[in-house]
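Inside the fold
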Amino acid sequence: MKSDPDPLIIDTPTSPVTSGLPLFFVITVTAIKQGYEDWLRHKADCSINECPVDVVQQGKVVRTQSHKLRVGDIVVVREDETFPCDLILLSSSRHDGTCYVTTTSLDGESSHKTYYAVPDTMAFRTEREVDSLHATIECEQPQPDLYKFVGRINIYTDKEEPVARTLGAENLLLRGATLKNTQHIYGTVAVYTGMETKMALNYQSKSQKRSAVEKSMNAFLIVYLCILISKAVINTVLKYAWQWSPDRDEPWYNHRTENERQRHVVIRAFTDFLAFMVLFNYIIPVSMYVTVEMQKFLGSYFITWDEEMFDEELGEGAQVNTSDLNEELGQVEYVFTDKTGTLTENNMEFIECCVDGNVYIPHAICNGQILSAASSIDMIDSSPGGYRREHEDLFFRALCLCHTVQVKEEETVDGIKRGIHQGRPTSFYISSSPDEVALVEGMKRLGYTYLRLKDNYMEILNKDDEIERFELLHVLNFDSVRRRMSVIVRSSSGKMQTREYLLFCKGADSSIFPRVVSGKVEQVKARVEQNAVEGLRTLCVAYRRLCQSEYEEACHQLTEAKLALQDREQRLAQAYDIIERDFVLLGATAVEDRLQEKAADTIESLHKAGMKVWVLTGDKMETAAATCYASKLFRRSTQILELTKKRTEEQSLHDVLFELNRTVLRQRSISGLSVDCLDFGLIIDGATLSAVLKPNQERANPSNYREIFLEICRNCSAVLCCRMAPLQKAQIVKLIKASKEHPITLAIGDGANDVSMILEAHVGIGIMGKEGRQAARNSDYAIPKFKHLKKMLLVHGHYYYIRIAELVQYFFYKNVCFIFPQFLYQFFCGFSQQPLYDTAYLTLYNISFTSLPILLYSLVEQHVTMETLKREPSLYRDIAKNSLLRWPVFLYWTCLGVFDAVIFFFGAYFLFDNTTFTSNGQMFGNWTFGTLVFTVLVFTVTLKVPFLNYQRMYYVFMQMLSSGPAWLSIILLITVSLLPDVIKKVLCRAVCPTATERAQKVGAAGALEGFVAPGTATAAEESNERDLLHRDRTCEGDKATRTYDSMMSHSHSTPLSKP
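Quick caveat: nothing in here was measured; it's all calculated off a predicted structure.

Some thoughts on the overall build of the chain
Helix and strand content of the chain: 34 helices and 38 strands. By the burial criterion, 51% of the 1059 residues in the chain qualify as buried. A separation threshold of at least 6 residues defines the contact pool for the chain, and within that pool the share at least 24 residues apart is 74%. On the chain, roughly 49000 Å² of surface is accessible, and the fraction owed to carbon and sulfur atoms is 56%.

Here's what the structure looks like:
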């Protein structure tokens, strides 16, 4: 009877616990972290889904939970409550059927926005009236655009035909928004609940960002995996070569069974290969990933705890939304920044206005009369004529009527007392746009006061203290494509003698001037350009009188477009384009947005650190360029290169690109022979950028323009991109990321329009600005002000990269030191897979003996003081381009680990060869030899004596240390192992010291200054050393190669032994 073959059993050289415990530890720690985060998300989901909501059922208010809401429910929302779903506003506690809402959690806009009830339901005041409504709502399918909604409500009454009313974005209250300064509203759920709401559709899963250090770790890990396989293959081959001779087949005490001998040689070789893989698997630093995660998580608290990055005005400090990119802060090469609210304060102040070339400045008032300031365009005319006076009044009325400003007269708004003057409440303005508030307040200072919007009538108080009333007929809202807004009003009282229809329009100069048919265009245009050069934000104002037939035609076009369910946006745009034409130009305004504190110093420091700063803004070129000069992005010596629509109209895009490319290349060849370098700055607008990036089939090489553009940008120290749309900002960042150098990019902004580039960049930083928190929530890090970026990068980024780079290299080094003696030991045990170390050492080496000291070191190491890093931004260049984790440095550490492992093994082998060390004459055995090697190893890589609480090996350990020669061997072998690194450091510092090493020497001299007698040359020496730091910094300085050990001299760190 034939017996079943024996199963394949691999006799592993180590126990399952020894091999599995480190992996179990790693998986457990990761699972705990992920489980904790999942629990927090589940807790947050429950708090949202189970929040109480009031709904109207059978004429009564009933409380339920938000996840039980269904389409068609009528919801009651009270002041300061958040809308639980997307609602159509039916009625409000305000008599005009409006309510005020903040959408900070949606688009980052913190200002109050006005929403309007359906006209036929705005009179409902009680639950019974609302519950008696019979209507149906038709609307588009759910889509994520927050500012677009197309729908229609059909209200059924006693009549046979239902009444149809249009529904737009002004009627839709979005989930996540908050009701403000309105007691309550009634809203019916449209078709958007749960995951169909616009907020849910805007949930964007952020792409996983991986740092350069993490990519290097993975590459190094592949190398060590290859080394592991190579070791296993070599030992397997050598084992069978050793056993080829019959007398070396197996020792007598380890005879194989007959079944093992009859097993096929390929199967036996495969089992031996797997056994060697298990024996040498400790070369793979599994615990490194847990240590790195702990270092990143704990290290991120240093940013949140930094008191210098705390803003007293906001009452907040820096925030860390993800700790996975800490070290990436030390590798930034390109910084992309927004302008308004990031470089500037986004605090608008009305400066002046220009009417037909005459400039008016607030406070320039004499005897109660407004006087225009002297200007280069026209001198003051103290007695303006009738035509000028008419345009002056129309201009001031236009700015008082053409806006979406709300007037508040309450004493308390959002819990804050505002508008209190001499104990009485006075009015103040709020709006979604700070520019509009500045303009209306400016008009108030010039004598025209906007009072209120009541019953669809706008009231203004003119400079003669007369109230003028205008019926608001239509509002043509502002959008980023038209870049203008308009209102159609009808005068009903005041100085306007006839009840005429007026169309007032304000917008960017590029959108107003082409539509103007009369007015003093050249004078106004000259003033606009002058203000733009000075860095002021400008708007142009125009008007048009409409006759009865023109108004009726405009009403018909607008109504028809608003009622359309298909292509409503396109039809409205066509209607606006037809109505907004044939303007009479009235004038222009200038508003100032001041530069943030220390913004110029921050940009200058970033330049010295070797980073290139790009400003991406939607402002006009002249305004943005003036801000760039004020912030020192451009210097007066900077040669500006323009790649704008104006220039491409004069020349072809092809000619302009090649001309600019020749300019920068010619200057680079000249600067290569000269000490001085000419600084270039590039200005490009959105239209030209689209032409550069747009693939054209007529070109022989569609990507040619893109490469030329990148070549020009590489040779410019700063780039200004103006008239940029949010999508174009992200395209710019993506273009630089994908270039052949693959630089590390950082994007910083404060508004919702900056979110796209923040998500696209390697590192995204949001500023807690006045445009809301959308940017801060979507960023990796959030800071209160732009000035805090300096310390974030130059100090924290520098420290994080140094610490994590040393941690990674150290882990690979110590694992080579640990496992290579095991490889050498196989040559002395007949390749029998005999372990050199005890199982306790194998298990605890990476978990506790060597991981905890390096973790502590990687959290507190400061190789250079914070003051030095802030004072010398050029030190940032020493760690650029992942210099401490390059392949030469990695190979150096690996070879050093092999060298130390050879010293450990053969030093112990030759010192103990045929020698007795114990008092009873016994020779050291196998475990004693392995323990000695392990002890030297641990001492060398950590300089700490481990406490062993393992009883069996405790006596072996004590027996070894009872011998004098053993102590001598430990000291001697440690000294020899550390000697190469010491020699290398001394020679490198003496022959070619880096800027960081010079800074360390300066810091050491400063520390010793207190111990030197007065009058010595210490101060002079320190000054000389500081001068050295600035020497040899040429235009190509950032290309100088840096070695890892140039950064390893520690003047302020916890002692740690390095190879």
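So, the pairing of strand β14 (residues 334-337)
Side chains Y334 and F336 project from β14 onto one buried face, and the interleaved V335 and T337 project onto a second face that is buried too. Strand direction decides the pairing type here: β14 and strand β32 (residues 612-616), joined by four bridges, are parallel. Bridged to V335 within β32 is V613.

Comments concerning the nonpolar core
It is characteristic of soluble globular proteins that their nonpolar side chains tend to be buried jointly. Ranked by size, the top nonpolar core spans 69 residues in total, and within it F818, Y837, F934 and L937 carry the most contacts. The greatest single-element share of this core, amounting to 18 residues, is contributed by helix α25 (residues 788-825). With sequence-adjacent residues up to four places away left out, L937 is seen in contact with C817, F818, Y837, Y845 and F904.

As for the pattern of salt bridges
Applying the stated rule across the entire model yields 34 salt bridges. Of the charged contacts, one joins E327 and K296 as a salt bridge, the two residues approaching to 3.1 Å between their closest N and O atoms. Remark: K296 occurs in helix α8 (residues 286-299) and E327 occurs in the loop between β13 (319-320) and β14; sequence separation between them is 31 residues. In this structure E327 comes out as buried when scored by relative accessible area, which is 1%. We note a salt bridge from K463 to E392, for which the minimum N-O separation is 3.1 Å. Here E392 lies in helix α10 (residues 386-401) and K463 lies in the loop between β25 (457-461) and β26 (467-476), a separation of 71 residues in the sequence. Exposure remark for K463: the relative accessible area of 25% places this residue in the partly exposed category. Each of the salt bridges in this network shares a partner with another, and the network as a whole consists of D306, E308, K791 and K870.

Some points on the UniProt feature "binding site: Mg(2+)" (unreviewed entry) in the chain
UniProt records the feature "binding site: Mg(2+)" (unreviewed entry) for D338, T340, D750 and D754 in the present numbering. Spatially, the listed residues are clustered: although they cover 417 residues, their C-alpha atoms lie within 10.7 Å of one another. Residue position: D338 is located in the loop between β14 and β15 (344-355). The residues touching D338, leaving out its near neighbours within four places in the chain, are L343, L616, T617, K729, I748, G749, D750, D754 and M757. Relative to the helices and strands, T340 is located in the loop between β14 and β15.

Considering helix α26 (residues 839-849)
With eight of its 11 residues buried, α26 lies for the most part within the structure. Considered for burial, the residues of α26 that qualify are A840, Y841, L842, T843, Y845, N846, I847 and F849.

Some remarks on the environment of H403
By the element assignment, H403 lies in the loop between α10 and β18 (406-408). With a relative accessible area of 6%, H403 lands in the buried category. For the pair H403 and C505, spaced 102 residues apart in sequence, the C-alpha to C-alpha distance is 9.5 Å. Residues within four places of H403 in sequence aside, it is in contact with E436, V440, Y450, M458, M485 and K506. Here the side chain of H403 touches V405 through a polar contact of 3.1 Å, landing on its backbone nitrogen.

Digging into the packing of helix α5 (residues 212-242) against α8
Between α5 and α8, the least distance of the axes is 12 Å, while the angle of their chain directions is 170°. Here α5 is positioned roughly antiparallel relative to α8, judged by the angle of their axes. Residues M217, N218 and L221 of α5 touch α8, and the partners they reach there are M288, Y289 and V292. Classifying every residue of the contact of α5 with α8 by side-chain character gives five nonpolar, one polar and no charged.

What about the sheet that holds strand β8 (residues 151-155)?
One open sheet accounts for three strands, arranged β7-β8-β9; its pairing is antiparallel. Strands with a single pairing partner mark the edges of an open sheet, and in this sheet they are β7 (135-139) and β9 (163-167). Put simply, the sheet's adjacent strands are angled 20° from each other on average, direction ignored. Here β8 runs beside β9; their pairing, made up of five bridges, is antiparallel. By the bridge assignment, G151 is partnered in β9 with L167.

Structural notes on the sheet that holds strand β34 (residues 680-685)
Taken together, nine strands build an open sheet; the order of strands is β13-β38-β37-β36-β14-β32-β35-β34-β33 and the sheet is mixed. The sheet terminates laterally at β13 and β33 (639-643), the two strands that pair on one side only. As paired strands, β34 and strand β35 (residues 718-722) are joined by five bridges and run parallel to one another. Counterpart to L682 in the pairing with β35 is V719.

Quick word on unusual backbone geometry
Its identity as a non-glycine residue notwithstanding, Q58 has a phi of 55°, on the positive side. Classification of Q58 as exposed rests on a relative accessible area of 73%. Phi is positive for K632, close to 65°, though the residue is something other than glycine. Among the structural elements, K632 can be located in the loop between α17 (621-630) and β33.

A closer look at the side chain of K231
With respect to the secondary-structure elements, K231 resides in helix α5. Look at K231: it is buried, it has no salt bridge, and the nearest opposite charge is D900 at 14 Å. Those residues in contact with K231 that sit more than four places away from it in its chain are F280, I283, I819, F820 and F823.

What to know about α25
Residue pairs three or four apart in sequence face the same way in an α-helix, which turns once every 3.6 residues. If you check α25, its first and last C-alpha atoms are 55 Å apart, about what 38 residues at 1.5 Å a residue would give, namely 56 Å. Taken as a whole, α25 carries its principal kink of about 35° at G797. A large share of α25 lies buried, amounting to 38 of its 38 residues.

Description of the packing of aromatic side chains
Applying the stated criterion across every chain, the model contains 37 aromatic pairs. Aromatic pair F395 and F396: ring centres 5.8 Å apart, planes at 70°, arrangement edge-to-face. Residues F395 and F396 agree in their burial class; the two are buried. Geometry around Y457 places R469 over its ring, the cationic atom sitting 4.4 Å from the centre. Cation over ring: K525 sits above F513, and NZ or CZ is 5.2 Å from the ring centre.

A short note on the environment of V26
On the secondary structure map, V26 appears in helix α1 (residues 16-49). V26 sits 260 residues away from V286 along the chain, and the two C-alpha atoms are 7.2 Å apart. Excluding anything up to four places from it in sequence, V26 contacts V286, S287 and V290.

Parameters and conventions
- Residues numbered from 1 in each chain as written.
- Predicted model: local features only at pLDDT ≥ 70, side-chain atom pairs only at ≥ 80, totals over all residues.
- Heavy atoms only, no water.
- Helix = DSSP H or I, 4+ residues; strand = E, 2+ residues; numbered from the N terminus.
- Buried < 20%, exposed > 50% of the residue type's maximum accessible area, 1.4 Å probe, protein only.
- Contact = heavy atoms within 4.5 Å.
- Areas by Shrake-Rupley, 256 points an atom, 1.4 Å probe, with all protein chains shown as cover.
- Pairing = 2+ DSSP bridges.
- Core = buried A, V, L, I, M, F, W, Y, C linked by side-chain atoms within 4.5 Å.
- Salt bridge = Lys/Arg side-chain N within 4 Å of Asp/Glu carboxyl O.
- UniProt positions renumbered as here; feature names shortened; annotations may be inferred.
- Polar contact = N/O pair within 3.5 Å; in protein donor to acceptor, adjacent residues only side chain to side chain.
- Axes fitted to C-alpha atoms, helices over the stretch in contact; angles between N-to-C directions.
- Parallel < 35°, antiparallel > 145°, perpendicular 65-115°, else oblique.
- Nonpolar A, V, L, I, M, F, W, Y, C, P; charged D, E, K, R; others polar.
- Lys, Arg positive; Asp, Glu negative; His and termini not counted.
- Expected span 1.5 Å × (residues − 1).
- Bend = angle between axes of the 7 residues up to and from the residue.
- Phe/Tyr/Trp six-rings, centres within 6.5 Å; stacked < 30°, edge-to-face > 60°.
- Lys NZ or Arg CZ within 6 Å of the ring centre and 35° of its normal.

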